[in-house]
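# Secondary and tertiary structure notes
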Amino acid sequence: MARYAMVFDTRRCIGCHSCTVACRTKNELPIDMIYNPVTTVGPTGVYPKLSMVHMPLICMHCDNPPCVDACPTCASQRRDDGIVFVEDKKCVGCLACVMACPYGARVKNHESGAVQKCDFCKDRVDEGLLPFCVLTCHQKARVFGDLDDETSEVYKLVNGERTVRLLAELGTEPYAFYIYG
Amino acid sequence: MSQKHEGWGWMLAVDFFFAGMGGAMLVIAGIADLFVGEGRTSWLASFLGAAFMAMGSGLLIFELGRPFQSWRVFMNPKAILTVGAWVMSLAICAGLVYTTFSFAIFPWSDWLIVRKLIAIFMVVTGLIVATYPGVLLGRLKGRPLWVGPGMTSLFLTSSLVTAFAAHILSGMIVAPATIGDVLGRFPAITAVLLAVQLLLWVSYMWVKISGATEAEAVAARRLLCGEYAASFKYGLMLVGTVLPLVLVLVSSPLYQALGAVLVLVGGFILRMLVIYAGGADRTWLPGEPKYRSRLPHGDEAFMKAWNSK
């Protein structure tokens, strides 16, 4: 069984927000919903040694997802391949998962009343395709793949580069990894 | 990731207030019945305990994005909300059935063993209902104001103190049949619990300010010197805690009633403050506060034009 993960190479990300737009288009999101924003840290430092980092944020598809534990209706689920998703018809919009997620990755759709989130484009992944944000990133700052496959680029990056996980101290075991410069 | 920061609203805060108070009212009624000889609190108190919990549940349903599917919250036994929903439902039933024992028209009103068993059930379920909102909030790792076991103590104490206040008021409206001197001690117990609540809040804020993370300190400062400071200091601490602590100790029913009402006001303010101040804060990711500060709020001209399409 695969264990999907995403690596963000912040050295490559230029903060163009193409991934954000692509995600919204693919998922037909209302105007007030974003699954994957790109934040900017900086500029920091003192001239001429300045730096600025763009941080693409998504659902971290945690191995120990607090959102799944918090969901009273079993709408929030984690597949065996690690993808965390919301089964829309079961969601009652109680926001328990929204409050439980330390990454702010979940958002209520005010038209449907349900909570939605990034699901790694599981419909595309099941067909052997890449998530739409990864496909769209022209800087190749996003890398998606199977972390259990030693030949995958994701495996090589996670095990070869100095990657970090956001809020790792909370013990949620996020499966989104970041490479800093 | 939403453009706005989504969170629970006032209906959940009121649900926590009603559920905590109602659950603890049943605990007090049950304990009085079980351990105070022939002691029975006013039937109005056990009825109101169940009714408050039912009202809280109703508000919780309206808070849902899809209220007509609220039955689904009973489906995941691993989720604390599911446990809370089940136990609250059972406590409501227990409270209503227990109330019927106060009326001779019901043929089972003199079934002593059954009444005692229901009283035990009421104590257990009421205690869980009074406690679980604190556990629910304390488990949320990304919410710096809430995270940790302290919230459980604060909620349980507030639930008990508001329940004693509600019992005092209920006893003034419908006098209990057999509780005797015990009801007379409720104001003193309320005062002790108010003192404990004051001490717990001081220590909780102290721990958060000097606590594990900077995010916790920021969240605590929001209550102490930020946008919620006036409500916290004057609403919860002064009007909802210190003032009623003095009033309930005055041996005048009028002052005690006024003190009891202020305790209820304090309990309500506590829930609102905790939900709004805690829900507004998360342990932010790098660059996130700046990113969110630049997002539209929905009242901009272009957003209105878009939404009116």
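One structure accompanies this document, and this report is about it. These numbers were taken from a predicted model, which means no experiment stands behind them.

## Side note on the pattern of salt bridges
Close approach of charged atoms allows side chains of opposite charge to pair. Applying the stated criterion across every chain, the model contains 19 salt bridges over all chains. Taking the shortest distance from any N to any O, the salt bridge between R3 of chain A and D63 of chain A comes out at 3.2 Å. One end of the pair, R3 of chain A, is in the segment before β1 (4-9); the other, D63 of chain A, is in the loop between β3 (49-56) and α2 (66-70), and 60 residues separate them in sequence. Note on R3 of chain A: relative accessible area 7%, which makes it buried. With a relative accessible area of 34%, D63 of chain A lands in the partly exposed category. A salt bridge links K116 of chain B to D33 of chain B; the nearest nitrogen and oxygen atoms lie 3.0 Å apart. With K116 of chain B in helix α4 (residues 112-138) and D33 of chain B in helix α1 (residues 10-35), the pair connects residues that are 83 residues apart, well separated along the chain.

## Here's the deal with the packing of aromatic side chains
Geometrically, a pair of aromatic rings is defined through the distance of the ring centres and the angle of the planes. Residues and elements named next belong to chain B. Evaluated as defined, the whole model comprises 15 aromatic pairs over all chains. Ring geometry for W201 and Y204: centres 6.0 Å apart, planes at 80°, overall edge-to-face. With a gap of 3 residues between them, W201 and Y204 both fall in helix α6 (residues 181-209), about one helical turn apart. When its relative accessible area of 3% is taken as the criterion, W201 is described as buried.

## Section: the pairing of strand β10 (residues 176-179) of chain A
Look at any regular strand and the pattern is simple: side chains alternate between the two faces of the sheet. Residue and element names in this part refer to chain A. The alternating pattern of β10 places A176 and Y178 and F177 and I179 on opposite faces, both of which are buried. Across 4 bridges, the pairing between β1 and β10 is parallel. In the sheet register, F8 faces β10, and the bridge partner there is Y178.

## A few points about the sheet that holds β1 of chain A
Residues and elements named next belong to chain A. Taken in spatial order, the 4 strands line up as β8-β1-β10-β9 in an open sheet, and their pairing is mixed. Strand pairing shows two members of the sheet lacking a second neighbour, β8 (142-146) and β9 (163-164), which therefore form its edges. Along the sheet, helix α6 (residues 153-160) contacts β1, β8, β9 and β10; its crossing angle with β8, the most-contacted strand, is approximately 110°.

Thresholds, definitions, all that
- Residues numbered from 1 in each chain as written.
- Chains lettered and ligands numbered in written order.
- Predicted model: local features only at pLDDT ≥ 70, side-chain atom pairs only at ≥ 80, totals over all residues.
- Heavy atoms only, no water.
- Salt bridge = Lys/Arg side-chain N within 4 Å of Asp/Glu carboxyl O.
- Helix = DSSP H or I, 4+ residues; strand = E, 2+ residues; numbered from the N terminus.
- Buried < 20%, exposed > 50% of the residue type's maximum accessible area, 1.4 Å probe, protein only.
- Phe/Tyr/Trp six-rings, centres within 6.5 Å; stacked < 30°, edge-to-face > 60°.
- Pairing = 2+ DSSP bridges.
- Contact = heavy atoms within 4.5 Å.
- Axes fitted to C-alpha atoms, helices over the stretch in contact; angles between N-to-C directions.

So far we have only geometry, and geometry alone does not tell us how the molecule works.
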